[in-house]
Amino acid sequence: MHIRIVGGGLAGSEAAWQAASQGVRVTLYEMRPARPTAVHKTDRLAELVCSNSFRGDKLDNAVGLLKEEMRRLGSLVMRAAEASRVPAGAALAVDRERFADIVTSTLAAHSAITIVREEVAAIPESSEREPVIVATGPLTSDRLSADLARLVGGEHLYFYDAISPIVLAETIDRSKVFRASRWNRSLRGVSATAPDPRTCAVDDGQGDYLNCPLTREEYERFYDALVAAESATVHDFDKEKFFEGCLPIEVMAHRGRDTLRFGPMKPVGLVDPRTGREPYACVQLRQDNLAGDHFSLVGFQTQLKWGEQARVLQMIPGLERAEFVRFGMVHRNTYVNGPTVLRETWQVRSRPTLFFAGQMSGVEGYVESAASGLLAGLNAAALAKGDPVVAAPRTTAIGALAYYVSHANPAHYEPSNITFGIIQPLAAAPKGKKLRNEALSARALADLDAWIAARPEGRALHAG
Ligand SMILES: Cc1cc2nc3c(=O)[nH]c(=O)nc-3n(C[C@H](O)[C@H](O)[C@H](O)COP(=O)(O)OP(=O)(O)OC[C@H]3O[C@@H](n4cnc5c(N)ncnc54)[C@H](O)[C@@H]3O)c2cc1C
């Protein structure tokens, strides 16, 4: 029983620990320091490339729930994070050097784990007795990326993340926006037959988008502010050419005064019911989660500094008081189209002896990457041992993440952080966001405990 894991980041390290804890031998390949990436600075495993925060740590917060689930599943990343914790209010932040040291020394000391410092240029052979996990992260080396493209099909592998800002629904001024789909092409027609609950949830029978109409004067003011706004300092790799499909709005704006009116701000096919006419320009907002409390600005990927983003985007009618759940960005990010490529168990659909985990599998964030590595490690170990490979319950954060990655709409797939919006809703939810989230967390932990207890190695996980 042997597993090979490529990539010793958050996901690969957690996967190695989980598989080795199940008594399976692991060979973990990490290319640093022989071959560095554009952002990693050390040769340590599980290096945090940017912030030192694992975000919220309370159970009324989805990432807090995910972390608690990982603790119950015996996570090494969580254990190392606790041991290197620094004061950060309600968040879990760590001393990054101590954190990476603990992960590195724990894995190096494990008798079942061999760490090999070399670049893997092609996906290794895999079989039921010797599964492979690829967890090479957003900066997967070029040679391996080329092989991945060959395996999954170039159209299902992305190299840049163009993220549009997301606003909190309750902060949108509904008196200034109207609901409609372009040319009245609502999802209504497909919702009856589409099995994807995200599709059904978006449509309320009146059009799928919230539209913010702009007059000529409003557009001119917005345009002038946009082209004068300050962009974020970018890493070198961000200076590479953008794909035309994910140009930042400010780059488009610099191409001409009307470029946006023929791109993401085009008004054609959208009639404002208050005027009976197409507006001069229009920004569309699309529902971004099942709960319907997040809306993303369609096609509004941007590299503006966050303060500048808020200032400029709040000039859009209806968004004057918008609160931003996430700001837009564009950065290098190698990831697959999860819904097309992966099963809910993190196995590759076309080759179930191969698993993907971490950011390249289509999740976003340190904790989410480690969580996917955790399940991929457990499942690959189960496969190697001849045990059943099972998905975690969709009522848990860790199971909901796996379900999202493998079942979201592939046409608009974007890597996601964990949110309560992707967890199966409660049949009868208490009123109020905090109470609802706490109830979701209570159900998740009860279901996770039952799931762990039913697994062959259940008791060992609890003891972890
Ligand atoms: C610039 C930048 C900033 C970010 N900031 C944040 C942040 O603040 N907070 C957050 O939560 N997330 C952030 N992320 C996302 C972050 O990368 C992930 O959350 C997390 O690191 C992903 O874990 P991972 O294990 O998938 O990848 P990584 O942690 O990157 O690990 C992948 C490992 O695979 C190795 N590798 C790559 N190719 C090969 C190969 N061919 N052979 C062998 N080894 C290979 C790499 O050296 C690396 O060690 C950021 C990403 C980038 C690019």
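Each value, and the rule that gives it
Residues numbered from 1 in each chain as written. Predicted model: local features only at pLDDT ≥ 70, side-chain atom pairs only at ≥ 80, totals over all residues. Core = buried A, V, L, I, M, F, W, Y, C linked by C-beta atoms within 7 Å. Buried ≥ 20, exposed ≤ 12 C-beta atoms within 10 Å, placed from the backbone. Contact = placed C-beta atoms within 7 Å. Pairing = 2+ DSSP bridges. Helix = DSSP H or I, 4+ residues; strand = E, 2+ residues; numbered from the N terminus. pLDDT = per-residue confidence, 0-100. Expected span 1.5 Å × (residues − 1). Near = placed C-beta within 6 Å. Nonpolar A, V, L, I, M, F, W, Y, C, P; charged D, E, K, R; others polar. Axes fitted to C-alpha atoms, helices over the stretch in contact; angles between N-to-C directions. Parallel < 35°, antiparallel > 145°, perpendicular 65-115°, else oblique. Left-handed = near helix turned anticlockwise from the far one by under 90°.

**Section: the nonpolar core**
Proteins that are soluble and globular tend to have nonpolar side chains buried together. Counting residues in hydrophobic clusters, the biggest one holds 99 residues, and the most contacted among them are Ile 5, Ala 16, Leu 66, Val 103, Ile 133, Ala 397 and Leu 401. The contacts of Leu 66, once residues within four sequence positions are left out, are Val 367, Ala 371, Ala 397, Ile 398 and Ile 418.

**Here we look at the sheet that holds strand β7 (residues 132–134)**
Within a sheet, neighbouring strands are paired by backbone hydrogen bonds and run either parallel or antiparallel to one another. Strands sit in the order β6-β2-β1-β7-β17-β16 across an open sheet of six strands; the sheet is mixed. Each having just a single partner strand, β6 (113–116) and β16 (347–348) make up the two edges of the open sheet.

**A word on the confidence of the model for the protein chain**
When pLDDT is averaged along the protein chain, the result is 88, and 90% of the positions lie at 70 or above. A low-confidence stretch, residues 187–205 stays under pLDDT 50, and its non-local contacts, those more than four residues away or across chains, total 25 contacts. Here residues 235–243 is a poorly scored stretch, pLDDT under 50, and it has 14 contacts once near neighbours within four places are set aside; other chains count.

**A look at helix α4 (residues 96–109)**
Side chains of residues three or four places apart in an α-helix project in the same direction, reflecting 3.6 residues per turn. Given a rise of 1.5 Å per residue, 14 residues ought to cover 20 Å, and the 20 Å separating the end C-alpha atoms of α4 matches this to within 8%. Taken as a whole, α4 has its buried residues at Arg 96, Phe 99, Ala 100, Ile 102, Val 103, Thr 104 and Leu 107.

**Quick look at the site of the ligand**
Of all residues adjacent to the ligand, which total 36 residues, the nearest are Gly 7, Gly 9, Cys 50, Gly 137 and Gly 358. Put simply, the parts of the chain that give the shell around the ligand at least two residues each are α1 (10–21), β15 (329–336) and α12 (366–385). Take the shell around the ligand: its biggest share by element is three residues, from α1. Its residues assigned to classes, the shell around the ligand comprises 15 nonpolar, 17 polar and four charged.

**Describing the environment of Arg 55**
The topology assignment puts Arg 55 in strand β3 (residues 53–56). Taking the C-beta count within 10 Å as the criterion, Arg 55 has 22 such neighbours and is therefore assigned buried. As for Arg 55 and Val 367, which are separated by 312 residues in sequence, their C-alpha atoms are 8.5 Å apart. Aside from chain neighbours lying at most four places away, what touches Arg 55 is Val 63, Ala 91 and Val 367.

**Some points on the sheet that holds strand β11 (residues 209–214)**
The strand order β10-β11-β12-β13-β9-β14 describes an open sheet built from six strands, whose pairing is antiparallel. Lying at the two open borders of the sheet, with one neighbouring strand each, are β10 (178–180) and β14 (324–326). Neighbour-to-neighbour, the strand axes of this sheet turn through a mean angle of 40°, independent of strand direction. When β11 meets strand β12 (residues 281–287), the two strands line up antiparallel, connected through six bridges. Counted as the bridge partner of Cys 212 is Val 283 from β12.

**What about the packing of helix α3 (residues 76–83) against α4?**
Two numbers describe how α3 lies on α4: the axes approach to 8 Å, and their chain directions differ by 135°. Considered as vectors, α3 and α4 are oriented oblique to each other. As α3 runs across α4, the sense of the crossing is right-handed. Between α3 and α4, the contacting residues are Leu 76, Val 77, Ala 80, Ala 81 and Ala 83 on the first element and Phe 99, Ile 102, Val 103 and Thr 106 on the second.

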